[in-house]
Amino acid sequence: MNGPDLLPLVFMLPLVVAALLPALALKRPELSWALALTAALVTAGVAAVLTATLGESLALRYPVGGWAAPLGIELVFDRLSAITIVFSGVTALALVFSRTLAGGLGPRPALFHALVLVNLGGLNGFAVAGDLFNLFVFMELLSVSAYALVAAGRGSGSALAALKYLLPGAVSSLLVLFSIGVVFALTGSLNMADVAERLGPAGAPAATALAVALFASGFMIKAALFPLHFWLPDAHSAAPGPVSALLSALVVKVGVIGLIRGQLLFGEAAAPALSQVLMLLGAVAIVAGAVAATVQSELKRLLAYSTVSNVGYIALGLGLATTASVAGSLVHVGYHGVTKAGVFLAAAALIERTGLHDIEDLRGLGHRMPWSAAAISAGMVALAGVPPSAAFVGKWQIALGALEAQQPVLIAVILGGALLALGYGIRVINALFFRSPTHARVVAAREAPPSTVLPLVVLVGLALSAGLTGALMIDFVGPVATAIVGAIAETPGGR
Amino acid sequence: METVLAHLDYVAVAVVFCTGLYILLARQNLLKKLIGLNIMETAVFAFIVTTGMVDDGDPPLLAGDLGPAFASPLPHALVLTGIVVAVSMTSLALALIVRIHCEHGTIELDELLDRDGS
């Protein structure tokens, strides 16, 4: 078995284990956690092997059932798909984290673990789908499991939060499906590489514009790009701790990856309008998300709005459409995933141990739960993009892109967003370490067990130091960035 | 006018889609919102099925006498998958609505939000 033959495993493995898990764990519930964790770890290994096999080449292709593209279904592992390592790794760490929460995940933890694996299978499948319809199916797989995961919490508001997440999510999926239908009617093909070649000669600018608009708006809702982020704060703050981390770090990225695929797919048909919209909304989202985060009183809501701000950075980088900024956006997709997962898990540890949600109530907790509090503090600093943290690389590259595109105002926006992020980060750090406790439960709190603290330390450690590998990552995604910029700028003036 | 008549199916799809969207946005009852969503889904499925139609084409059945022109079967397969996805989402939403009713005693969104705020 050589490299490309492993490709289907990257999503089949979690899906198959997820299907078997409730049955396997029926007699021995304690097995389900270990099995789910093993599946996630092996998937991460498969993703790493695939990325290593990728080497200098741009994409591994796997024709499903031996039918060659464009007629057959094709799986493509390109440099963008390397994000599956982050998807699988973060899911594995979130599962490690959830071990001690088993009681808080309903009567059947096996179902929760199965849902997490379905979610992982959907994420990975989405990243390697080579045709539009599988893209849609995997998107639905991960979305439906995400809605159910939000409702897995004990809280009485969780079902309502899940439904408030489901309705816009379902509408966005429909918009994408509608767009896929229009594209299929125009080109008679679903293979993404094939469609990209056929759309130009199809010569139907109005219908193509409709497809672009539907595709982009659908994925903008999924990505929670301002002002379509309205569903995000409720869903992310009502979900159980590890689920919030998965949603904010990974599931939101699906929308972003969809937008990137859309830019490659539609190329110059989408170029000026979509880039302008992404740039404008991205810039507004950076500031609006950061300001909204600053005024939140609930810790998880603060982090949710910080995700809105960071999606703004990614959209801005894509919209600027210079090689530097697009590469910055691509690395920020992965780096923000790692950072936000660490911060959200740390917040979940603090909240689970005390039962308190407001930042003011958590005052002084730093002395009772030193590891978790230190992890969230370091994570908040990393989130702001202080070098050599992971978030620094993306923001720096996007700022470089703004400089190249001669948009000094946007540089101010990028810096302002980072400063605001440092501001709300310091607010959290200040409350945790430099204020005296006001709440009895804070005084009585104990540090979380090692299985909870370990994922925090790993993720936040990565978030703080991964900036050192920035040049390597920028080189790695370089060809994708060049391809996107090339697709957008292709044959100016003539189709 | 002739273009509209020639593409009557697209007009119908647009009307049904917008009807569903209106119900989804304007109604406060969660169940009605879900019905609106299902109407939107039906519109999209109908659109995809019509894209497979060929003028004077036969149904794409190998058992019958397949004429020279036959409808493209691929959109049908796509819509089948789409329906499966839609059913799973609807069932999940219905389960959530039942749980909301058990917890709060109402499924009117405005009442639910009022209680949330107070």
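Residues numbered from 1 in each chain as written. Chains lettered and ligands numbered in written order. Predicted model: local features only at pLDDT ≥ 70, side-chain atom pairs only at ≥ 80, totals over all residues. Heavy atoms only, no water.

*Asks:* Let's hear about empty space enclosed by the protein: which residues, and what values?
*Replies:* Any empty space left between atoms is shown by rolling a water-sized probe over those atoms. Applying the stated criterion across every chain, the model contains four cavities of 30 Å³ or more. One number sums up the size of the largest cavity: a volume of about 100 Å³. Taken together, A:Ser143, A:Tyr147, A:Tyr165, A:Pro168, A:Gly169, A:Ser172, A:Ile221, A:Lys222, A:Trp231, A:Val251 and A:Val252 make up the lining of the largest cavity. For the lining of the largest cavity, the secondary structure elements donating two or more residues are α5 (132-150), α6 (158-187), α8 (205-223) and α10 (241-266) of chain A. No other element matches α6(A), which puts four residues into the lining of the largest cavity. When grouped by side-chain class, the residues that make up the lining of the largest cavity number seven nonpolar, three polar and one charged. There is about 60 Å³ of room inside the second largest cavity. What lines the second largest cavity is simply A:Phe136, A:Glu140, A:Ala170, A:Ser173, A:Leu174, A:Leu177, B:Glu41, B:Phe45, B:Gly82, B:Val85, B:Ala86 and B:Met89. Its residues assigned to classes, the lining of the second largest cavity shows eight nonpolar, two polar and two charged. (1 Å grid on protein atoms, 1.4 Å probe; cavity = no way out; pocket = protein on both sides within 12 Å on 5 of 7 lines; lining within 4 Å. Points joined across faces, edges and corners; volume = space filled by probe spheres on them. Helix = DSSP H or I, 4+ residues; strand = E, 2+ residues; numbered from the N terminus. Nonpolar A, V, L, I, M, F, W, Y, C, P; charged D, E, K, R; others polar.)

*Asks:* Residues and numbers for the interface of chain A and chain B, please.
*Replies:* The accessible area lost on association of the parts is a frequent measure of interface size. Facing the 29 residues of chain A at the interface are 33 residues of chain B. Each partner contributes to the roughly 2,700 Å² buried at the junction of chain A and chain B, and carbon and sulfur atoms together form 87% of this total. It is A:Leu160, A:Leu174 and A:Phe178 in chain A that bury the most area against chain B; as a group they hold 22% of the surface buried on that side. There are zero salt bridges connecting chain A and chain B. (Contact = heavy atoms within 4.5 Å. Buried area = accessible area lost by both parts, 1.4 Å probe. Salt bridge = Lys/Arg side-chain N within 4 Å of Asp/Glu carboxyl O.)

*Asks:* Describe the domain arrangement of chain A, with residues and values.
*Replies:* Residue and element names in this part refer to chain A. Along its sequence, chain A is organised into domain 1 (1-130) and domain 2 (131-488). Distance between the C-alpha centres of domain 1 and domain 2: 21 Å. Taken residue by residue, the interface counts 42 residues in domain 1 and 50 residues in domain 2. The contact between domain 1 and domain 2 buries some 3,900 Å² in all, and 78% of this surface belongs to carbon and sulfur atoms. (Domains from an automatic or database assignment.)

*Asks:* How would you summarise the nonpolar core if you had to cite specific residues and measurements?
*Replies:* All names here are of chain A. With 200 residues, the main nonpolar core has Phe126, Leu132, Tyr165, Phe266, Ile376 and Met380 as its most contacted residues. Per-element tally for this core: the top contributor is α6, with 19 residues. Mapping this core onto the domain boundaries places at least three of its residues in each of domain 1 (1-130) and domain 2 (131-488). Setting aside anything within four residues of it in sequence, one finds Phe266 in contact with Ser179, Val183, Leu199, Thr208, Ala211, Val212 and Phe215. With 13 residues, the next largest nonpolar core counts Ala283, Leu410, Val413 and Ile414 among its residues. (Core = buried A, V, L, I, M, F, W, Y, C linked by side-chain atoms within 4.5 Å. Buried < 20%, exposed > 50% of the residue type's maximum accessible area, 1.4 Å probe, protein only.)

*Asks:* Hey, could you go over the pairing of strand β2 (residues 74-78) of chain A for me, with residue numbers and the actual values?
*Replies:* All names here are of chain A. The buried fraction of β2 is high, at five of five residues. On β2, burial covers both faces: Glu74, Val76 and Asp78 on one face and Leu75 and Phe77 on the other are all buried. One ladder, built from five bridges, connects strand β1 (residues 59-63) with β2; its direction is antiparallel. What sits directly across from Ala59, in β2, is Asp78. (Pairing = 2+ DSSP bridges.)

*Asks:* Please give an account of a nonpolar patch on the surface that cites residues and values.
*Replies:* Residues and elements named next belong to chain B. A cluster of nonpolar side chains, Val4, Leu5, Leu8, Val11 and Val15, forms an exposed patch at the surface whose accessible area comes to about 420 Å². Put simply, the parts of the chain that give the nonpolar patch at least two residues each are α1 (2-6) and α2 (8-26). Top contributing element to the nonpolar patch by residue count: α2, with three residues. When you line up the elements, Val11 lands in helix α2. (Patch = residues over 30% accessible without salt bridge, like charges linked within 9 Å, V, L, I, M, F, W, Y side chains within 5 Å. Areas by Shrake-Rupley, 256 points an atom, 1.4 Å probe, with all protein chains shown as cover.)

*Asks:* A description of the packing of α10(A) against helix α12 (residues 299-320) of chain A should follow, citing residues and the corresponding values.
*Replies:* All names here are of chain A. Following both chains from N to C, one finds α10 and α12 inclined at 15°, their axes separated by 11 Å at the closest point. The orientation of α10 relative to α12 falls into the category roughly parallel. Note on packing geometry: the crossing formed by α10 with α12 is right-handed. Each of Gly241, Ser244, Ser248, Val252, Lys253, Val256, Ile260 and Gln263 in α10 lies in contact with α12, whose residues at this interface are Lys300, Thr307, Val311, Ile314 and Leu318. Of the residues in the contact of α10 with α12, the class split is six nonpolar, five polar and two charged. (Axes fitted to C-alpha atoms, helices over the stretch in contact; angles between N-to-C directions. Parallel < 35°, antiparallel > 145°, perpendicular 65-115°, else oblique. Left-handed = near helix turned anticlockwise from the far one by under 90°.)

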